[in-house]
Structure formats: C-alpha cells, structure tokens
Amino acid sequence: MRYDKGQLLDALAREYVVGTLKGRARARFGRVLSSSLVARRAVLAWERDLAPLARAVKPVEPPPDAFERIETALGMRAARPTPTRAVGIWPALAAGLALVALIFGGLYFGQRPTAEQATYVAVVNDASTPVWLIQAYVETRAIKTSTINPRPAPPTNSYELWMLQDGANPVSLGVIAGTGATDNPLSDAQLAVLMQTMTLAVSLEPAGGSPTGLPTGPVLFTAPLLRS
Amino acid sequence: MTLDDTGQAGLEQLLHACASGDSAALKQLYRNTAAQLFGVLRRILVRDDLAQDALQDVYVSIWRNAKDYRASRGAPFTWMVSIARYRAIDIKRSRRREVQYADPIDYVPESDELADPDLSSIAGRDADAKRLKECIEQLTVQQRNAVCLAYMNGLTHEEVAGRLDAPLGTVKSWVRRGLESLKGCIQR
C-alpha cells in the first residue's frame, strides 16, 4: 500500500491519532511513522489540533502512592519488600542467604583479586541450547552478558533482560545483544532487587528496549539466577 | 496546581531537565500534569487499576524519551498527552472485553446540548477551551457525540456505532467529518 498520497496519508494519520485505526493497520502505520517524515508531520498536526479535546477531560487526582511506583520502576527508589505471606518464608530465607552471600562475597572480594568472580550467574537456554551466559558482578557493579550461541534479534527489535519479582513488576537490567557480549551497569536499586531475584527473563522489545519500563513484547526465555 | 498555572514554557523546561537526568524535575512535572493525564487515562480505560498501570508506563516513557522531545514535536502537553492516549488505547484494545464490560459511562445524548459532561464544564477555563467549545458547538449533535466517544473514550468505530445505535458507515462519516471541521475551526 502507498502511504505517501496526501489525502490517504492524512486520513490514516487522523485515524491513528484518534485511535480508530486498529490492529494490523495501526501497527503498519506505526512502522511507516518511524521512516516517513511526511507521515510524522501529518500525525503531529492532528495531535496538535485535537489536544484541546484531551485538555477538556476532567482532571482526576491519581492515588498518593502512584509517583512512588514510577520512581521504583525507574530504579530511583528500591522496590518495597513484598509482604510476607504464609508461604513466603522461602523467598525471605533466600533473600537472607543472598545477603549473607553478598556480605561474605564482599569480604572475599575485598582482597581485590585481579579478576573479580561473578557473584550471580544464569544461563539462558532456548530449549536445550544455551544462548546467553549472564554474570552479575557486585563489586564492580556490572552485568556481563556473553552469547554462547548467537541469536541475532530482528532488525526492528532488541532483547531486554529482566528480574522477575514475586508480587511486583519486573525490573529491567537493560538491553542485551543477540551476538557478542554486552556490559550493562548495575545500579544500587537494581542490586537491591537482584538480591531478591530468583528468576531472570528475556523479552523481545522494540529496538532500543521497552518504551514503557515494563516488558511489552513476548517473554522468550526465563532462567534461574544462581549464586556462583 | 493545574496545567494552566505552569504553562507550556514551564513544562518544556522540566522536560529538558528530565532529559539531563534531573529526578526532581520529573517529580515537578508529575505534580503539574498527573491529574490531567490520569483523567485522560481513566476516561479511556474506565478501570482504576488499568489507569494506574498506564500512568506508571506513561511517566516512565516520558522520562526515558525526554531527550527526544523537541519543540518541533509539538507543545509539551500535546506530546505528553499523546503518549498517554496511545498507551491507553493499546491497553484498551488488548483487554477489550473487560474494559467494555466495566464501562459505566452511559450517556447517549438526544438533545442539542453539550451532552458530554466534561465538555459542558470547560467553558471559561481559558482561551483555548473557549475556542474549543465554540468549535464543538459548530458540529452536529451526532458528529459531536461520535467524536467524543472515539477521541475521549477511546472507542473504535464499531463500539461508537453500538453505543449510538447507528450504522457503522454513518458513524465513520460522523467521526471523519466531525474531526475535519474541528481541525479546521481550531486552526482558524
């Protein structure tokens, strides 16, 4: 289909902005937007002209803790500990052990060996084929991802690594490459979550990673996180 | 604080500060805009929990994309409310049945007044709102209702047709003509 014919393009832009363009047509036009300046301009014009209608919607105060949730999702604030449930002793115990491991590991690595050993490791498998080796270094605050069997991402996508949490949203550890190695930093907030994480996940996201801070694409693989 | 107190220039500065990683700026931006964006999200998503999840997605997205914001991409509020509306529409389409089932808003206007409860309260807010009201009043009642249900409630053409009990083709034309004349009128 040709999108660069003035009227058709404007009609598509209008339906895209209003939201009545849906399903595959919406996704297709979304892709056109990333490559066509003319299409982007048409969308911007409709957004501008209809925005007063959105301002007319009556404001509603969000709940008081909503901003804290945003800060947590952005790693600006450590996730609240999940409330202990009747069966919740195991995660708590595991977190306790992880903390002991971390303190012990810290003492051990305090001797500053030339090459720091990874504190946590995970191997992400596709069925029985190992794809990534993931190593978390607590001392140098780094997450190193090495590809064991390359699995290039589609050109319009990226793989993103997540920490799955019980009773809370997954927290991102960044985008990882499908070939070669990736080094991602490990922030204090991410480390706090990592210590309570038992499972990592890899999702397929738009190029550059999830636009929302939460997985938006399919979760392809999960892998248990182990203390090395 | 409402949006009008800050103005678009204030929002633009806050977005620039967010782009350079200033988390205090994000908090201020949130204070100035969250109620308006949450109103928009709730109107589309109806369910409070979905609107809260969407609100989180929206501000995470605003923070991460603040460096891509430029004045050429429209006024800051337009940019932000577009992010919010697209997110809400995505969620609504993917959870269609639940959201529709829960929709308590049931105004099928019959008279010639501004039937939308939000629209009838906007007059006198500011010059933009006044202009919008004038433009809305130029639409036929059917066009006005169809446009509000599509843009403000995030309904599809089929859903609008169901709500207004009108044929799909007719509804599509109400939405199209309503939006075209609204756009022409606001631009003038």
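Quick caveat, the model's predicted, so the values are computed rather than measured.

Asker: Hey, could you run me through the overall build of chain B in this one?
Answerer: When you go through chain B residue by residue, the secondary structure sums to 9 helices and 0 strands. The linear arrangement of helices and strands in chain B, starting from the amino end, is α-α-α-α-α-α-α-α-α. Per-residue burial over chain B gives 54% buried out of 188 residues. In chain B, 65% of the contacts between residues at least 6 apart in sequence involve partners at least 24 apart. Carbon and sulfur atoms provide 47% of the accessible area of chain B, an area that totals close to 8,300 Å².

Asker: In this structure, what is going on with the overall build of chain A? I would like to understand it.
Answerer: A tally of regular secondary structure across chain A gives 6 helices and 9 strands. Relative to its 228 residues, chain A shows a buried fraction of 44%. Restricting the contact set of chain A to residue pairs at least 6 apart, pairs at least 24 apart contribute 53%.

Asker: Which parts of the structure should I look at to understand the confidence of the model for chain A?
Answerer: If pLDDT is low for a region, its predicted coordinates should not be looked at in detail. Residue and element names in this part refer to chain A. For chain A, per-residue confidence averages 79 on the pLDDT scale, and residues scoring 70 or more make up 81% of the total. Looking across chain A, the model is least confident in helix 5 (residues 89–109), with a mean pLDDT of 49, and most confident in helix 4 (residues 66–73), with 92. Scored below 50 in pLDDT, residues 101–114 shows 12 contacts in the model against residues more than four places distant or in partner chains.

Asker: Would you mind going over helix 7 (residues 141–152) of chain B with me for this structure?
Answerer: Residue pairs spaced three or four apart in an α-helix point in one direction, given the helix's 3.6 residues per turn. Residue and element names in this part refer to chain B. In a regular helix each residue adds 1.5 Å, so 12 residues correspond to 16 Å; helix 7 covers 16 Å between its end C-alpha atoms and thus fits that length. Across the 12 residues that make up helix 7, a large majority, 11, are buried. Of the residues making up helix 7, those classed as buried are Val-141, Gln-143, Arg-144, Asn-145, Ala-146, Val-147, Cys-148, Leu-149, Ala-150, Tyr-151 and Met-152. Positive backbone phi, at 70°, marks Gly-154, one or two positions downstream of helix 7.

Asker: I would appreciate a short explanation of the pairing of strand 1 (residues 120–126) of chain A in the present structure.
Answerer: Residues and elements named next belong to chain A. With 7 bridges joining them, strand 1 and strand 2 (residues 129–137) adopt antiparallel strand pairing. Pairing of Asp-126 across the sheet is with Thr-129, part of strand 2. Between strand 1 and strand 2, which follow one another and run antiparallel, lie 2 residues, and Ala-127 among them has a positive phi close to 55°. Here strand 1 runs beside strand 9 (residues 226–227); their pairing, made up of 2 bridges, is antiparallel. Paired with Val-121 across the strands is Leu-226, a residue of strand 9.

Asker: Looking at this structure, I do not really get the pattern of salt bridges. What am I missing?
Answerer: Pairs can form between side chains of opposite charge once their charged atoms are near each other. Residues and elements named next belong to chain A. All chains considered together, the criterion is met by 12 salt bridges over all chains. In this structure, Asp-126 and Arg-151 form a salt bridge, with 2.6 Å as the shortest nitrogen-oxygen distance. One end of the pair, Asp-126, is in strand 1; the other, Arg-151, is in the loop between strand 3 (142–147) and strand 4 (157–165), and 25 residues separate them in sequence. Among the residues examined, Asp-126 registers a relative accessible area of 28% and is labelled partly exposed.

Asker: Just to check I follow, could you spell out the sheet that holds strand 4 of chain A for this structure?
Answerer: Within a beta sheet, neighbouring strands are joined by backbone hydrogen bonds and run either parallel or antiparallel to one another. All names here are of chain A. With antiparallel pairing, 4 strands are arranged side by side in an open sheet as 5-4-7-8. The open sheet is flanked by strand 5 (168–176) and strand 8 (219–224), the only strands paired with a single partner. Each neighbouring strand pair of the sheet contributes to a mean axis angle of 30°, computed without reference to strand direction.

Asker: Teacher, can you tell me more about the interface of chain B and chain A here?
Answerer: Bring the parts together and some accessible area is lost; that lost area is often taken as the interface size. Listed as interface residues are 61 residues of chain B and, on the opposing side, 44 residues of chain A. Of all residues in chain B, Gln56(B), Tyr86(B) and Tyr151(B) bury the most surface against chain A, accounting for 14% of the area lost on that side. When the shortest N-O distance is used, the salt bridge between Lys22(A) and Glu158(B) registers 3.1 Å. Inspection of the chain B/chain A interface yields 13 residue pairs in polar contact (both at pLDDT 80 or more). Of the residues forming the side of chain B that touches chain A, the biggest block, 12 residues, is contributed by helix 2 (residues 23–45) of chain B.

Asker: How should I be thinking about helix 2 of chain B in this particular structure?
Answerer: Residues and elements named next belong to chain B. With 23 residues, helix 2 should cover 33 Å at 1.5 Å per step; its first-to-last C-alpha distance of 28 Å lies more than 12% under that length. Of all the bends in helix 2, the greatest measures close to 55° and is centred on Thr-33. Of all 23 residues that make up helix 2, 17 are buried, and the element is covered over most of its length. Sitting at the amino-terminal end of helix 2 is Asp-22, which places a side-chain oxygen 3.0 Å from the backbone nitrogen of Ala-24. Phi turns positive, to about 65°, at Val-46, one or two residues after helix 2.

Asker: So what exactly am I meant to see when it comes to the environment of Tyr69(B) here?
Answerer: Residue and element names in this part refer to chain B. Inspection of the secondary structure assignment puts Tyr-69 in the loop between helix 3 (48–65) and helix 4 (76–94). By relative accessible area, Tyr-69 is classed as buried at 3%. Considered as a pair, Tyr-69 and Met-80 are 11 residues apart in the sequence and their alpha carbons are 9.6 Å apart. Among the polar contacts made by the side chain of Tyr-69, one reaches the main-chain carbonyl oxygen of Gly-74 at a distance of 2.7 Å.

Asker: Just checking my understanding: could you explain the pairing of strand 4 of chain A for this structure?
Answerer: Side chains on a regular strand alternate between the two faces of the sheet. Residues and elements named next belong to chain A. Pairing between strand 4 and strand 7 (residues 199–206): 8 bridges, direction antiparallel. Following the sheet pairing, Met-163 is matched in strand 7 by Leu-200. Across 6 bridges, the pairing between strand 4 and strand 5 is antiparallel. Residue pairing across strands places Leu-161 opposite Gly-174, the latter belonging to strand 5. Linking strand 4 back to strand 5 in an antiparallel pair, the connection comprises 2 residues, with Gly-167 at a positive phi of about 75°.

The rules behind the values
- Residues numbered from 1 in each chain as written.
- Chains lettered and ligands numbered in written order.
- Predicted model: local features only at pLDDT ≥ 70, side-chain atom pairs only at ≥ 80, totals over all residues.
- Heavy atoms only, no water.
- Helix = DSSP H or I, 4+ residues; strand = E, 2+ residues; numbered from the N terminus.
- Buried < 20%, exposed > 50% of the residue type's maximum accessible area, 1.4 Å probe, protein only.
- Contact = heavy atoms within 4.5 Å.
- Areas by Shrake-Rupley, 256 points an atom, 1.4 Å probe, with all protein chains shown as cover.
- pLDDT = per-residue confidence, 0-100.
- Expected span 1.5 Å × (residues − 1).
- Pairing = 2+ DSSP bridges.
- Salt bridge = Lys/Arg side-chain N within 4 Å of Asp/Glu carboxyl O.
- Axes fitted to C-alpha atoms, helices over the stretch in contact; angles between N-to-C directions.
- Buried area = accessible area lost by both parts, 1.4 Å probe.
- Polar contact = N/O pair within 3.5 Å; in protein donor to acceptor, adjacent residues only side chain to side chain.
- Bend = angle between axes of the 7 residues up to and from the residue.

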